[in-house]
Amino acid sequence: KTFRYILQSQTLQTENDKKDLLQRVALLQGLDPVDINKLVHTMIPRPFEVGELIVRKGEEGDTFYVIQEGEVRVTDITVGST
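Residues numbered from 1 in each chain as written. Predicted model: local features only at pLDDT ≥ 70, side-chain atom pairs only at ≥ 80, totals over all residues. Heavy atoms only, no water.

Caption draft 1: Seen up close, the overall build of the chain. The number of helices and strands found in the chain is 2 helices and 0 strands. Put simply, of all contacts in the chain between residues at least 6 apart along the chain, 36% involve residues at least 24 apart. Per element, the accessible surface of the chain, about 7700 Å² overall, is 53% carbon and sulfur. (Helix = DSSP H or I, 4+ residues; strand = E, 2+ residues; numbered from the N terminus. Contact = heavy atoms within 4.5 Å. Areas by Shrake-Rupley, 256 points an atom, 1.4 Å probe, with all protein chains shown as cover.)

Caption draft 2: Region of interest: the packing of aromatic side chains. Taken as a whole and judged by the stated rule, the model has 1 aromatic pair. Ring geometry for F48 against Y65: centres 5.9 Å apart, planes inclined by 65°, an arrangement best described as edge-to-face. Here the residue F48 occupies a position in the segment after α2 (33-42), and Y65 occupies one in the segment after α2, the gap between them amounting to 17 residues. You can call F48 partly exposed: its relative accessible area is 26%. Between R46 and the ring centre of F48, over which it is positioned, the NZ or CZ distance is 4.1 Å. (Phe/Tyr/Trp six-rings, centres within 6.5 Å; stacked < 30°, edge-to-face > 60°. Buried < 20%, exposed > 50% of the residue type's maximum accessible area, 1.4 Å probe, protein only. Lys NZ or Arg CZ within 6 Å of the ring centre and 35° of its normal.)

Caption draft 3: A look at the pattern of salt bridges. Going through the model one piece at a time under the given rule, you end up with 3 salt bridges. Between E59 and R56 there is a salt bridge, with its nearest N and O atoms 4.0 Å apart. Note that K57 and D76 form a salt bridge whose closest N and O atoms lie 3.7 Å from each other. Taken together, the residues K57 in the segment after α2 and D76 in the segment after α2 connect sequence positions 19 residues apart. (Salt bridge = Lys/Arg side-chain N within 4 Å of Asp/Glu carboxyl O.)

Caption draft 4: Seen up close, a nonpolar patch on the surface. A contiguous nonpolar patch, built from I54, V55, Y65, I67, V72, V74 and I77 and spanning about 670 Å² of accessible area, is present on the exposed surface. One can find V72 in the segment after α2. For V72, a relative accessible area of 48% translates into the label partly exposed. (Patch = residues over 30% accessible without salt bridge, like charges linked within 9 Å, V, L, I, M, F, W, Y side chains within 5 Å.)

Caption draft 5: Broad picture of the environment of P47. Structurally, P47 can be placed in the segment after α2. Considered as a pair, P47 and Q68 are 21 residues apart in the sequence and their alpha carbons are 9.6 Å apart.

Caption draft 6: Quick look at the environment of G51. Position of G51 among the secondary structure elements: in the segment after α2. Sequence separation between G51 and V72 is 21 residues, and the spatial gap between their C-alpha atoms is 8.8 Å.

Caption draft 7: Quick look at the side chain of K18. Mapping K18 onto the fold places it in helix α1 (residues 3-23). Although K18 is buried, it forms no salt bridge, and the closest oppositely charged side chain is E15 at an N-O distance of 6.9 Å. What K18 contacts, discounting residues up to four positions off in sequence, is V40 and M43. (Lys, Arg positive; Asp, Glu negative; His and termini not counted.)

So, to be careful, I would describe these as geometric facts and stop short of saying anything about function.
Here it is in structure tokens:
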């Protein structure tokens, strides 16, 4: 097998894994497959360490996170000011 073939195979598998992950997110289940594919191509894996803060209430967000594996703890889910 050539390096190019291996790289293409790995890329395809990664894209399929991302698509499978997104299709399991209830919020995204109504999206058209074309839109899911657009998301797949913009997704960037971002690992976090245990105890690392992902987002803080009140901060402006510009990222949509999907937890692929592991657990997160949400400590304040009230609506309103910080």
